[in-house]
Amino acid sequence: MQASDQLRSEYWVLDFDRTLFSIEKNIEQFCRIGESLGLLSKKSIVQEQQHAESQGASFDVYEFIVQTYGLDVWDQLSTAYVKSVDATCLLLPGATELLDYLAVRSIQHGIVTFGSKHWQQLKLDAAGFENIPSIIVDTPDKASIVKTWLDENGTYTIPDELVDDPKIGTLAVRSVVIVDDKSRAFSSLPPRTKGYWVQTGHDTGDKTLPFTTTVQDLYQLIRSLVEQG
Ligand SMILES: [Mg+2]
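Since this is a predicted model, take the numbers as computed values, not measurements.

Turning our attention to the overall build of the chain. A tally of regular secondary structure across the chain gives eight helices and seven strands. A compact globule built from 229 residues should have a C-alpha radius of gyration of about 17 Å, and the chain, at 19 Å, falls within 12% of that. Once the C-alpha set of the chain is aligned to its principal axes, its extents read approximately 55 × 40 × 30 Å. By residue count, 31% of the 229 residues in the chain fall in the buried class. Across the chain, contacts joining residues at least 24 apart in sequence account for 63% of those joining residues at least 6 apart.

Right, here's the structure in full:
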């Protein structure tokens, strides 16, 4: 370890979609701005989304737009969207407050989001999260990702992309906290990892997951942190 490296007590892994960010409001605003610029039809997006969901597939808006309208339209629309959308209307209740809570207390945190690269990145940009370290991963099982950070000393080495301050150097922590709206995120929590399952109503999964606390929303999560002191 270098002199600048630090062992901190914990790192917070935040999910993005449906935990911090409203995917419904995002698609609504994205289509509204796209239509106002005459670049796409909301109807075609909604139809394609319903079709994909009825097949049990995930809908990749980026793929759909590039294939249907071309890469130029995606470039124009994504730039215009990020510039003109009001980020505050896309965030879920308590998202700003939770990020402030962590930042004020210098608790290291970052976003680990599952999905296709271009679409997830557009949403992170639309949310105004360019200053929050983030990675896009290929599984919703966040516990399995955190497990890969565990080293033989029993500490977690956080990937550099998830550390916002280069002065910290390599960040090692004793424990990790995962906040997610999907129960699948917590399927096999590694040692000293704690989960907050935010119940947005889209995932009724297993309510008896060990080491996981269920909260109705992020305000309830913050209240429980304040109570714990
Ligand atoms: Mg989610």
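Picking up where we left off.
Turning our attention to the pairing of strand S2 (residues 109-114). Within S2, six of the six residues are buried, which leaves it mostly tucked inside the rest of the structure. On S2, burial covers both faces: His 109, Ile 111 and Thr 113 on one face and Gly 110, Val 112 and Phe 114 on the other are all buried. Pairing analysis gives four bridges linking S2 to strand S3 (residues 134-137), with the strands arranged parallel. Residue pairing for S3: Thr 113 is matched across the bridge by Ile 136.

Inspection of helix H6 (residues 117-126) places Trp 119, Gln 120, Leu 122, Lys 123, Leu 124 and Ala 126 among the buried residues, and these make up the whole buried set. Where the residues of H6 are buried, they touch helix H1 (23-36), helix H3 (61-68), helix H4 (71-84), S2 and S3. Two residues or fewer past H6, Gly 128 is found with a positive phi of approximately 75°.

Let us now look at the environment of Ser 187. On the secondary structure map, Ser 187 appears in the loop between strand S5 (171-180) and strand S6 (193-198). Dropping the residues within four chain positions of it, Ser 187 is found in contact with Asp 141 and Ala 143.

Conventions we followed
- Residues numbered from 1 in each chain as written.
- Predicted model: local features only at pLDDT ≥ 70, side-chain atom pairs only at ≥ 80, totals over all residues.
- Helix = DSSP H or I, 4+ residues; strand = E, 2+ residues; numbered from the N terminus.
- Rg over C-alpha atoms; globule rule 2.2 N^0.38 Å.
- Buried ≥ 20, exposed ≤ 12 C-beta atoms within 10 Å, placed from the backbone.
- Contact = placed C-beta atoms within 7 Å.
- Pairing = 2+ DSSP bridges.

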